Amino acid sequence: MILKVSNLEKIYKGKISFKALENINMEVCEGEFVAIMGPSGSGKSTFLNTISTIDKPTSGSVLIAGKNPYEMNSKQLSTFRRKELGFVFQQFNLVNTLTVGENIILPLTLDKADIKTMKTKLEEISELLGISHLLHKRTYEISGGQAQRVAIARAVINEPSILLADEPTGNLDSKAAKDVMKLFKKLNESMNVTIIMVTHDPNIASYSDKTYIIKDGNIYQEIINRNDDKNYKREILNTMSLLGGDEIDII
Amino acid sequence: MTLFNFAYNNIKRDFKTYLYHFLSCVFSVFIFFLFSNLAMHPALKIVDSGSTIGIILFMASIISMLFSFVLILYSVGNFLKNRSKQFAILNIIGASNGQFNTLIFFENIIISIFALLIGIIMGLVFSKVFLMIAQSLIDGLNLYFYFPLTPLILTVFLMGGLFLLISLIAPVILKKKKIIDLLKKEELAEKNHFLLSLIAVIIILPITIYLHIQKNFSGFIYIFEILAGISFSYFIYNLIFNIYNFFMEKSGRIYIKNNLIKLSNFKYKINTNIKTMAASMILFSIILTSFVYIVGAPLSISKDTQKIMPYSYMYANWEDEVKGAKKAELISEELKSIGGFKELTISYSKLKNKARTVRHIILSNTMYNEVADFLNREKINLSDNEYFLIGVDGKKNPVLSDTIKDLISGYGITKEAGFDKKIISISGYFTSVTVVSDKNYESLSQVLVKDRIYAFTQSDLTNGSIKDLEALKNLIGFEDGKESLMSYSLYYDIENLTRRLVSYVGSILCISFLIGIASIIYSRLYSFVDEESKKYSIMIKIGLSKAELKDILASTLRWLFVLPFMTALVISWIIIGIINQLTLTSYTGLAVICSFVYLLTELILYIIIKRKYQKKIFDNIYEA
């Protein structure tokens, strides 16, 4: 078990307290590719943030590779992020003062890896993701799809336990989005990377092995791909339109 | 890639973000180098026996260092803020706190080293020019070019030390925001620290006032004065805005014209705005006040010197009357040949007093008229019951002391015929001077001690130097503690040198403060240009006109640039009013002229900045 979430709860305190997540339980095995879906405001991003050390849960526990990141001090936490987690965001979040290559090896730099290791790992990963020709470019010289591939390379160069992706295709056109999803699939299959991805797009979610649908802070449904891609996609679409309500309303 | 490479790349590839910080550093080094270059000039060692110059320049370097410290800290804070997103990314990738601190430390060190290098090179290049300016402003110095090795070493060590200190502090001021806030797409509105500023004022102000009442003038009081000034001005602007906002809301005027946009704009960045206003107000106050004195002090040197020393030379012998007369004769012989030479022996009667420096004296009407004639003043004619008072320090009006009152009332002298605050000897030589009629003087002098001083003058008072005074002293075989010989030129030279030097140093400091204001306001206006343009472009899409947008932008500038200036102008008038009571010359007239110049300059600057700022925002909106 690479991720075990039990009784996870997140309440935003304010003049009116708001319960964003309520009693969520989830288990993700090594090598699984999981998608989290839900209408806007359902809590899917909050869920990703609370399991990824970005936002602290109000109660419940999160175990990643058997360790609870919320019980760590700041030094342990940074090491944990470096070793166990890889992040991919909608806005790519590359460091604009660094070249593409430097962005990718940044986690190794923080890890004080030796230069030879950096070089070999950079070659391997950029080869795999098809960005070898971009390594000396600056971040503003590449396209959105390329930027996202660079971000993915940076996320997986340390061979993390989990790759966490928040709307990774949100800023991309459909062609680039497809390419990025193919990469995810490739990483998942060839490197056995565990992926947890938040998306609102059923087409994107259908690349995963399992989709959790979140509604009002609860897991509403769990849809599993039983080696039937078409059926899987249809099931996701149906559930989402049920939740979104648009199509049904017309009738 | 190492962290050092990372830091270096950050600076090299995103130099714009670091530019302001870098320029502040270079400028600080430059100013400090200029001061030490002047302070350690070999020519000064010869002229400056009393080390007045040394003290002034030392104070100036301290002020400039303190100012650099604040300015650099401010610009460090700014560039750290601009990079908060990068820090969030690093945080999430797993950079530890230690690695953050190291990165920021490296960046600071790299910038510091380049700043030291460029600042010193600039200092070397411009040192001749600045020495020439100093030479022309400060009379009688030969400030030739020399290779300033000691100033160079001093600058490297002291400014280097300052930079090192800042590099160590910088990671601490980086307030760690939560990653989740940094990753959000929308910027958050700033918090209003009204309560905090109120608490600061409540704590600091009473302590400062208490220290004043206690007359505790140790270093403490200055620190508290500065803190009080800062917290009070921060608080005041906060208060002003809140009251304004309150009335606009209550009266409903907030919904008229563009007021809603203007007010919400200000509120959105309230903390930065008020900080900018308070900082520029404080700097403006210093500049506006000092400028009056920078211009005024060198203008009135000879007038002021005459107020404390009315003669070219004054001689007095405290022990031997006969010897004194002989020595006075010698001095007279020596000075005779100088144009417009005049001499006068002023005889008077002195009250007995154990202390030699306490001299209550009585002067006869005739004697005073001779003095008045000598100094081109009005003569007087006293009746037997009248007395006339003469000033003793050149500043305050004379008052009749009780001792004298008791004495002369015994002779029926009770009516004051008037007074003249102009002195008849060097300032402070007499404790009090009272003129009575000749008849009364006859009787009074019977019970008092007879004494005299010798006054010598020439058509040009400033003629002569410290060397001439030394020569005269040698001639008469001057004995310390038994006699006194003073010269106008001694006082004039000291005053002249000090005032001109203070003016020179003060104007350089004022220029650095001005640059400080410029950088504070610039960084407030320009670091938010992208964010603001985005906001306004949305508003334009829903129907905001160009003219309205111009008006809104001008309003921002009025709050940030005009209001602090106006407050500072009022404050500087108050300060000048207070100082007027302490100085020999009144600076009110000059202050009026200066105020007109200030207002005109401010108006021109306001128009220029307004145009530039509006253009910048428009370019940004319509280009995007």
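Residues numbered from 1 in each chain as written. Chains lettered and ligands numbered in written order. Predicted model: local features only at pLDDT ≥ 70, side-chain atom pairs only at ≥ 80, totals over all residues.

Per an unreviewed UniProt entry, chain B carries the name ABC transporter permease and comes from Lachnoanaerobaculum gingivalis. A UniProt comment under Sequence similarities (unreviewed entry) is attached to chain B, and it reads "Belongs to the ABC-4 integral membrane protein family." Looking at chain B in UniProt, the text filed under Subcellular location (unreviewed entry) is "Cell membrane". (UniProt positions renumbered as here; feature names shortened; annotations may be inferred.)

Chain A carries the name ABC transporter ATP-binding protein in an unreviewed UniProt entry, which gives Lachnoanaerobaculum gingivalis as its organism. Taken from UniProt, the Sequence similarities (unreviewed entry) comment for chain A reads in full: "Belongs to the ABC transporter superfamily."

Turning next to the overall build of chain B. Along the backbone of chain B there are 22 helices and eight strands. With the principal axes as the frame, chain B shows a C-alpha extent of 95 × 65 × 40 Å. Put simply, chain B has 624 residues, and 35% of those count as buried. Taking the intrachain contacts of chain B between residues at least 6 apart in sequence as the baseline, contacts between residues at least 24 apart amount to 84%. (Helix = DSSP H or I, 4+ residues; strand = E, 2+ residues; numbered from the N terminus. Buried ≥ 20, exposed ≤ 12 C-beta atoms within 10 Å, placed from the backbone. Contact = placed C-beta atoms within 7 Å.)

It is worth spelling out the interface of chain A and chain B at this point. Facing 21 residues of chain A, the contacting portion of chain B comprises 19 residues. When residues of the side of chain A that touches chain B are traced back to their parent elements, those giving at least two are helix H2 (74–84) and helix H3 (100–110) of chain A. For the side of chain A that touches chain B, the residue count by class is eight nonpolar, eight polar and five charged. (Nonpolar A, V, L, I, M, F, W, Y, C, P; charged D, E, K, R; others polar.)

Another point: the domain arrangement of chain B. Assigned domains of chain B: these are domain 1 (1–185), domain 2 (190–256), domain 3 (258–305 + 495–624) and domain 4 (306–493). Between domain 2 of chain B and domain 4 of chain B, the C-alpha centre-to-centre distance is 53 Å. (Domains from an automatic or database assignment.)

Next up on the list: the sheet that holds strand S2 (residues 18–28) of chain A. All names here are of chain A. Taken in spatial order, the three strands make up an open sheet running S2-S1-S4, and their pairing is antiparallel. The sheet is open, and its two borders are formed by S2 and strand S4 (59–64), each paired with just one other strand. Averaged over all pairs of adjacent strands, the angle between their axes in this sheet comes to 20 degrees, without regard to strand direction. One ladder, built from five bridges, connects strand S1 (residues 3–12) with S4; its direction is antiparallel. Within S4, the position partnered with Val-5 by the bridge is Val-62. (Pairing = 2+ DSSP bridges. Axes fitted to C-alpha atoms, helices over the stretch in contact; angles between N-to-C directions.)

With that out of the way, let us pick up the sheet that holds strand S1 (residues 313–317) of chain B. All names here are of chain B. Across the sheet, which stays open at both edges, the eight strands sit in the order S5-S4-S6-S3-S2-S7-S1-S8 with mixed pairing between neighbours. Pairing within the sheet leaves two strands with one partner each, and these edge strands are strand S5 (415–420) and strand S8 (483–487). On average, each strand axis in the sheet is tilted by 25 degrees relative to the strand beside it, whichever way the strands run. Sheet topology places strand S2 (residues 342–350) next to strand S7 (residues 449–457); nine bridges connect them, and they run antiparallel. Looking at S7, one finds that Tyr-348 is bridged to Asp-451. Its contacts with the sheet put helix H14 (residues 321–335) on S1, S2, S7 and S8, and the angle it makes with S1 is roughly 160 degrees.

With that settled, the discussion passes to the UniProt feature "domain: ABC transporter" (unreviewed entry) in chain A. UniProt's entry tags residues 3–241 of chain A with the feature "domain: ABC transporter" (unreviewed entry), counted in the numbering of this structure. As a span, residues 3–241 of chain A carries 38% helix and 25% strand, and end to end its C-alpha atoms are 29 Å apart.

Phi is mostly negative for residues that are not glycine, and the peptide bonds are mostly trans. All names here are of chain A. Here Asn-23, not a glycine, exhibits a phi torsion of approximately 45 degrees, which is positive. Tracing the sequence through the fold places Asn-23 in strand S2. A tally of 14 C-beta atoms within 10 Å means that Asn-23 is categorised as partly exposed. In this structure, Thr-53 takes a positive phi of about 70 degrees despite not being glycine. Relative to the assigned elements, Thr-53 resides in the loop between helix H1 (44–51) and S4.

Right, let's talk about the packing of helix H21 (residues 546–580) of chain B against helix H22 (residues 588–623) of chain B for a bit. When two helices pack together, their arrangement is captured by the angle between the axes and the distance separating the axes. Residue and element names in this part refer to chain B. Interaxial distance between H21 and H22 falls to 10 Å at its minimum, and their mutual angle equals 165 degrees. One element, H21, and the other, H22, form an angle in the roughly antiparallel class. By crossing handedness, the relation of H21 to H22 is classed as right-handed. Contacts between H21 and H22 involve Lys-550, Leu-553, Ala-554, Leu-557, Phe-561, Val-562, Phe-565, Leu-569, Trp-573, Ile-576 and Asn-580 from the first element and Thr-588, Ala-591, Ser-595, Tyr-598, Glu-602, Tyr-606, Ile-609, Lys-610, Tyr-613, Gln-614 and Ile-617 from the second. Within the contact of H21 with H22, the residues separate by chemical class into 15 nonpolar, four polar and three charged. (Parallel < 35°, antiparallel > 145°, perpendicular 65-115°, else oblique. Left-handed = near helix turned anticlockwise from the far one by under 90°.)

Next up on the list: the packing of H3 of chain A against helix H5 (residues 144–156) of chain A. Residue and element names in this part refer to chain A. Where H3 meets H5, the closest approach of the two axes is 7 Å, and the angle between their N-to-C directions is 25 degrees. In terms of orientation, H3 lies roughly parallel with respect to H5. Crossing hand, H3 versus H5: right-handed. In this structure, H3 uses Val-100, Asn-103, Ile-104, Leu-106 and Pro-107 to contact H5, whose residues at the interface are Val-150, Ala-153 and Arg-154. Partitioned by chemical class, the residues of the contact of H3 with H5 number six nonpolar, one polar and one charged.

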